[in-house]
Amino acid sequence: GADRMRALAETILLDFSHPRVAALVQGRGWQQLTEHGRIAAAYAFVRDEIAFGYNRDDDLKASEVLADGYGQCNTKSTLMMALLRALGIPCRFHGFTIDKQLQRGAITGLAYWLAPRNIIHSWVEALGPAGRLHPGQALPGGVATALRRAPRRILRLRRGHARLAMSTSRLERR
């Protein structure tokens, strides 16, 4: 119904009809794969061929992330969603806020000290075969380990809901 159509819609950030994004999908032949194969191919591309790095902004269009060739969880999620939607796979954005202490090492030097105390970590869920949701991105090993070991006071999940709503509306805005 309406939820499925919304989870397939093109948006300002999820610009999957952009020539750069469309050419990637067409050139890789992903449309010919099974539904599970399309999800796996898009995921593998973003994971393996888009390097880890911090873009100039989190509000980049998918085509800009693709042109940059690098991204972090938020911008990679934007690209992943655009690819999935281009492949006819409904998907949605999820995230939560983590204390920047959990990012120590990934963010270093002055950038670490200038980063906000709470940083959003995001991932994509794809509605795959049989209507099941599949995580589009698992937590990186270091973050997952840190989350398991983190004292409860470090995790700021309630504060993250307001930020998530704000970030989601930017992804979903037309």
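Reading the values: the criteria
- Residues numbered from 1 in each chain as written.
- Predicted model: local features only at pLDDT ≥ 70, side-chain atom pairs only at ≥ 80, totals over all residues.
- Heavy atoms only, no water.
- Helix = DSSP H or I, 4+ residues; strand = E, 2+ residues; numbered from the N terminus.
- Buried < 20%, exposed > 50% of the residue type's maximum accessible area, 1.4 Å probe, protein only.
- Contact = heavy atoms within 4.5 Å.
- pLDDT = per-residue confidence, 0-100.
- Salt bridge = Lys/Arg side-chain N within 4 Å of Asp/Glu carboxyl O.
- Core = buried A, V, L, I, M, F, W, Y, C linked by side-chain atoms within 4.5 Å.
- Phe/Tyr/Trp six-rings, centres within 6.5 Å; stacked < 30°, edge-to-face > 60°.
- Arc of directions from axis to C-beta.

This next bit is on the overall build of the protein chain. Each helix and strand counted, the protein chain has eight helices and five strands in total. Ordered by position from the N terminus, the helices and strands of the protein chain form the series α-α-α-β-α-β-α-β-α-β-β-α-α. Going through the 174 residues of the protein chain one by one, you find that 48% of them count as buried. Taking the contacts inside the protein chain whose residues are at least 6 apart along the sequence as the reference set, 63% of them involve residues at least 24 apart.

Overall, the prediction assigns the protein chain a mean pLDDT of 76, with 73% of residues at 70 or greater. Put simply, helix α8 (residues 157–172) is where the protein chain has its lowest mean pLDDT, 34, and helix α2 (residues 19–28) is where it has its highest, 98.

What follows deals with the pattern of salt bridges. For the structure on display, the rule yields six salt bridges. Across the pair R28 and E49 runs a salt bridge, and its minimum N-O distance is 2.8 Å. Of this pair, R28 sits in helix α2 while E49 is found in helix α3 (residues 35–49), placing the two residues 21 residues apart along the sequence. E49 gets classed as partly exposed once you look at its relative accessible area, which sits at 43%. R47 is the partner of D48 in a salt bridge, and the nearest nitrogen-oxygen pair spans 2.6 Å. Where salt bridges share partners, they join R56, E64 and D68 into one cluster.

Mapped onto the secondary structure, Q72 falls in the loop between β2 (70–71) and α5 (73–86). Those residues in contact with Q72 that sit more than four places away from it in its chain are F52, G53, Y54, N55, D58 and S77.

Another aspect to go through is the environment of G88. By secondary structure assignment, the location of G88 is in the loop between α5 and β3 (91–99). Excluding residues that lie within four positions of it along the chain, G88 makes contacts with R4 and L8.

Turning next to the nonpolar core. Counting 28 residues, the largest nonpolar core has W30, F45, L66, L79, L83 and L84 as the members making the most contacts within it. Taken together, the elements giving at least two residues each to this core come down to α2, α3, α4 (62–68), α5, β3 and β4 (118–127). Element by element, the count of residues in this core is highest for α5, at six residues.

Turning our attention to the packing of aromatic side chains. Evaluation of the coordinates by the stated rule reveals four aromatic pairs. The interplanar angle of 80° and the centroid separation of 5.3 Å between the aromatic rings of F52 and Y54 together place this pair among those described as edge-to-face. In this structure Y54 comes out as partly exposed when scored by relative accessible area, which is 41%.

Next up on the list: α2. Every α-helical turn comprises 3.6 residues, leaving residues that sit three or four positions apart pointing alike. Of all the residues in α2, the buried ones are V21, L24 and V25. Seen along its axis, α2 keeps its buried residues to an arc of 90°; they face one direction. α2 presents P19, Q26 and G27 as exposed residues on the side facing more than 90 degrees away from its buried surface. Along its buried surface, α2 packs onto α3, α4 and α5. Looking at the residues trailing α2, positive phi occurs at G29, about 70°.

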